[in-house]
Amino acid sequence: MLTLRQMRYFEALASARHFGRAAQTVNVSQPALSAQIMEMEEHLGTRLVERNRSGIILTAKGTQVLQRIRIILADVERLEQTARDAEGILAGLTRIGIIPTVAPYLVPQLVPHLRGLYPQIEIELKEAVTDRLIADLADGKLDAVIAALPIEADQLETRLLFSDRFFMAMAQNETDILSSPLMENQLDTERLLLLEEGHCLRDQALAVCGSAPKRNLVNVGATSMATLLQMVSHDMGMTLIPEIAVETEIARNNLRIVPFGNPAPAREIGLVWRRSSSRVEDMAALADAVTGCRRPAGKGAELEMA
């Protein structure tokens with residue numbers, strides 16, 4: 001008889017296409033996961049995966065089994081959620097994905113705020129780029145995602161949480177002093193540092209620079225806002241910084257923050273969840289908690305702005 005554990009292991013393997021990565025996803029050893037997959041294959045009397053040096057590929061039968069397993073796991077999740085709903089709003093496990101340019105600045109405020117409002121909540125957080133989070137949301141691995149809007153998908157619902165203005169960050173000893181307020185066509189794109197491909201903030205920076213003179217942009221391959229701003233503080237260039245990050249980053253980096261002129265460029269941060277989810281009230285409560293926990297940029301940030 002197949003077990004839910006085996007189904008979850010197989011779904012993780014089918015998503016990761018690699019035994020090692022799948023084992024990490026479900027927090028077991030690789031031999032333990034491999035043994036469960038082999039037991040599944042023996043029980044079903046067919047091979048589900050083809051093993052090779054780079055990982056695995058699903059067999060035709062494995063693909064069919066995966067489709068059925070995902071339906072079963074979704075049904076189990078709904079059953080578990082029905083039981084949790086009886087306990088009240090945001091009671092039990094809530095899995096939240098947050099993009100990297102929001103997570104470090106929102107989580108320290110959001111988590112204690114949620115625990116204070118909903119003592120029975122169990123929070124599981126994942127930080128990743130938008131595409132990965134939305135894929136996990138669609139697969140039922142996450143309950144909600146906090147990311148930059150718009151996100152276009154028929155099966156998803158979104159709610160605007162807050163508008164996040166952009167500023168220009170540069171080193172305090174930057175020789176190219178920019179006027180304040182800064183106009184977008186004044187940007188020197190040869191000094192503009194960008195996050196690596198896949199980060200939505202990179203695309204937003206490129207959009208803001210759309211009216212600037214077309215020169216070479218510097219892709220430094222940084223994977224986090226913190227790394228990028230450390231490079232900026234050492235006078236390696238300048239970069240866009242969202243308002244949510246200003247207070248934290250000027251406290252630990254030697255930065256000068258220059259505001260844009262009106263209308264200032266901004267991104268919209270929203271909550272995303274599956275349209276089929278039964279947790280509509282939970283999503284409304286989570287959205288309210290996000291907007292309720294945020295404090296405006298402190299006076300320290302204002303003093304640093306040119």
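Residues numbered from 1 in each chain as written. Predicted model: local features only at pLDDT ≥ 70, side-chain atom pairs only at ≥ 80, totals over all residues. Heavy atoms only, no water.

Participant: What should I look at first to understand the nonpolar core in this one?
Facilitator: Nonpolar side chains in soluble globular proteins tend to be buried together. Ranked by internal contacts, the top residues of the largest apolar core, which has 66 residues, are Leu114, Ile146 and Leu271. In terms of residues, this core owes the most to one element, strand β6 (residues 156–171), which gives 8 residues. Mapping this core onto the domain boundaries places at least three of its residues in each of domain 2 (92–161 + 267–301) and domain 3 (164–266). Aside from chain neighbours lying at most four places away, what touches Leu271 is Ala144, Val145, Ile146, Glu157, Thr158, Arg159, Leu161, Met283, Leu286 and Ala287. Ranked by size, the runner-up nonpolar core spans 20 residues in total, among them Tyr9, Leu48, Leu58 and Val65. (Core = buried A, V, L, I, M, F, W, Y, C linked by side-chain atoms within 4.5 Å. Buried < 20%, exposed > 50% of the residue type's maximum accessible area, 1.4 Å probe, protein only. Helix = DSSP H or I, 4+ residues; strand = E, 2+ residues; numbered from the N terminus. Domains from an automatic or database assignment. Contact = heavy atoms within 4.5 Å.)

Participant: Where do I start with the packing of helix α1 (residues 4–16) against helix α3 (residues 30–44) in this structure?
Facilitator: Two quantities define a packed helix pair, namely the angle between the helix axes and the distance between the axes. Here α1 crosses α3 at 105°, and the two axes come no closer than 9 Å. In terms of their interaxial angle, α1 and α3 are classed as roughly perpendicular. When α1 is examined against α3, the residues Gln6, Met7, Tyr9, Phe10 and Leu13 are found in contact with a partner set consisting of Leu33, Gln36, Ile37, Glu39 and Met40. (Axes fitted to C-alpha atoms, helices over the stretch in contact; angles between N-to-C directions. Parallel < 35°, antiparallel > 145°, perpendicular 65-115°, else oblique.)

Participant: Quick question: what am I supposed to make of the pairing of β6 here?
Facilitator: Sheet faces and side chains relate simply in a regular strand, where the side chains alternate between the two faces. Both β6 and strand β11 (residues 266–274) contribute to a ladder of 9 bridges, which runs antiparallel. In the sheet register, Glu157 faces β11, and the bridge partner there is Trp273. Summarising the sheet, β6 and strand β9 (residues 239–242) pair through 4 bridges and their orientation is antiparallel. Paired with Ala169 across the strands is Thr239, a residue of β9. Pairing of β6 with strand β10 (residues 255–259), which is carried by 5 bridges, proceeds in the antiparallel orientation. Each bridged residue has a counterpart across the sheet, and for Met168 the counterpart in β10 is Val258. (Pairing = 2+ DSSP bridges.)

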